Amino acid sequence: VSAFRSEAQLSARLAHPNIVQVLDFGRVGESYFLAMEFVEGMTLASLMRRLWAANIDIPTRLVAFIAQEILSGLHYSHAGARDGDGNLLRVVHRDLSPVNVLVSCNGEVKITDFGVARALHDTETALSQSVVGHAGYMAPEQARAHEVDERSDIFSLGAIVWELLAGEPLFRRDTQSATLMALVSVDVPPVSSRRTLETGWDDVVARALQKEQH
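Residues numbered from 1 in each chain as written. Predicted model: local features only at pLDDT ≥ 70, side-chain atom pairs only at ≥ 80, totals over all residues. Heavy atoms only, no water.

Student: Lay out the nonpolar core in plain terms, naming residues and giving numbers.
Tutor: Grouped burial of nonpolar side chains is what soluble globular proteins tend to show. Leu44, Ile70, Leu96, Val161, Leu164, Leu165 and Trp201 are the most contacted members of the largest nonpolar core, which has 45 residues in total. For this core, the secondary-structure elements that each account for two or more residues are α2 (44–53), α3 (60–79), β5 (101–104), β6 (109–111), α5 (150–166), α6 (176–185) and α7 (201–208). When residues in this core are grouped by element, the largest group, nine residues, is from α5. Once residues lying within four places of it in the same chain are set aside, the contact partners of Leu164 are Leu44, Met48, Ile58, Val63, Ile66 and Arg195. (Core = buried A, V, L, I, M, F, W, Y, C linked by side-chain atoms within 4.5 Å. Buried < 20%, exposed > 50% of the residue type's maximum accessible area, 1.4 Å probe, protein only. Helix = DSSP H or I, 4+ residues; strand = E, 2+ residues; numbered from the N terminus. Contact = heavy atoms within 4.5 Å.)

In structure tokens, the structure reads:
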């Protein structure tokens, strides 16, 4: 309940068009609830599965738009959200993945589920006490339960963009342990090895997917 309340309090501070808004927190009997903005549409994961099943390459302009919208939401959580005293929160999502991105019928792109997010406040990094998040998208330092910061979310976004362009999973394997091993040890192939792309995509994606924090 304490963690649930903390999520509600933190999420309520994230008022941005690219973040699903938490509207209320309460209890009915012994059941606690979050009242959240309703987004009519589907998860990015569902959209990707449908397009892959139909063997459709997602247009690069659409990938760029989705990435830009996610980045806009991340920028606000990292460098815009503030507490009641006006202090910068520096909220790191720590579980950014296609299932936690919603795409509405009107073309909106919204990040959701800040359940394992951390507010860094004035600290440089946060130390993970355990491995949390979707294994195929977490940053290597998070997979090792090391310190995380805003760059960890950028790595997750890089993995999403690689998959949107390539039309296949990047790190995901048959088991979670195999996925984590691939995440920390496998060299990421240039996304242009999977399809013909405009100049620049390889550099952008490779920068986001650096295994070491710089």
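Picking up after the structure, the text goes on.
Student: Please set out the packing of α2 against α5 residue by residue, giving values where relevant.
Tutor: Two numbers describe how α2 lies on α5: the axes approach to 10 Å, and their chain directions differ by 25°. Classed by the angle they form, the pair α2 and α5 counts as roughly parallel. At the point where α2 passes α5, the crossing takes the left-handed sense. Contact with α2, carried on its side by Leu44, Met48 and Trp52, involves Ile160, Glu163 and Leu164 of α5 and no other residues of that element. Of the residues in the contact of α2 with α5, the class split is five nonpolar, no polar and one charged. (Axes fitted to C-alpha atoms, helices over the stretch in contact; angles between N-to-C directions. Parallel < 35°, antiparallel > 145°, perpendicular 65-115°, else oblique. Left-handed = near helix turned anticlockwise from the far one by under 90°. Nonpolar A, V, L, I, M, F, W, Y, C, P; charged D, E, K, R; others polar.)

Without other data, these values stay purely geometric and don't point to any function.
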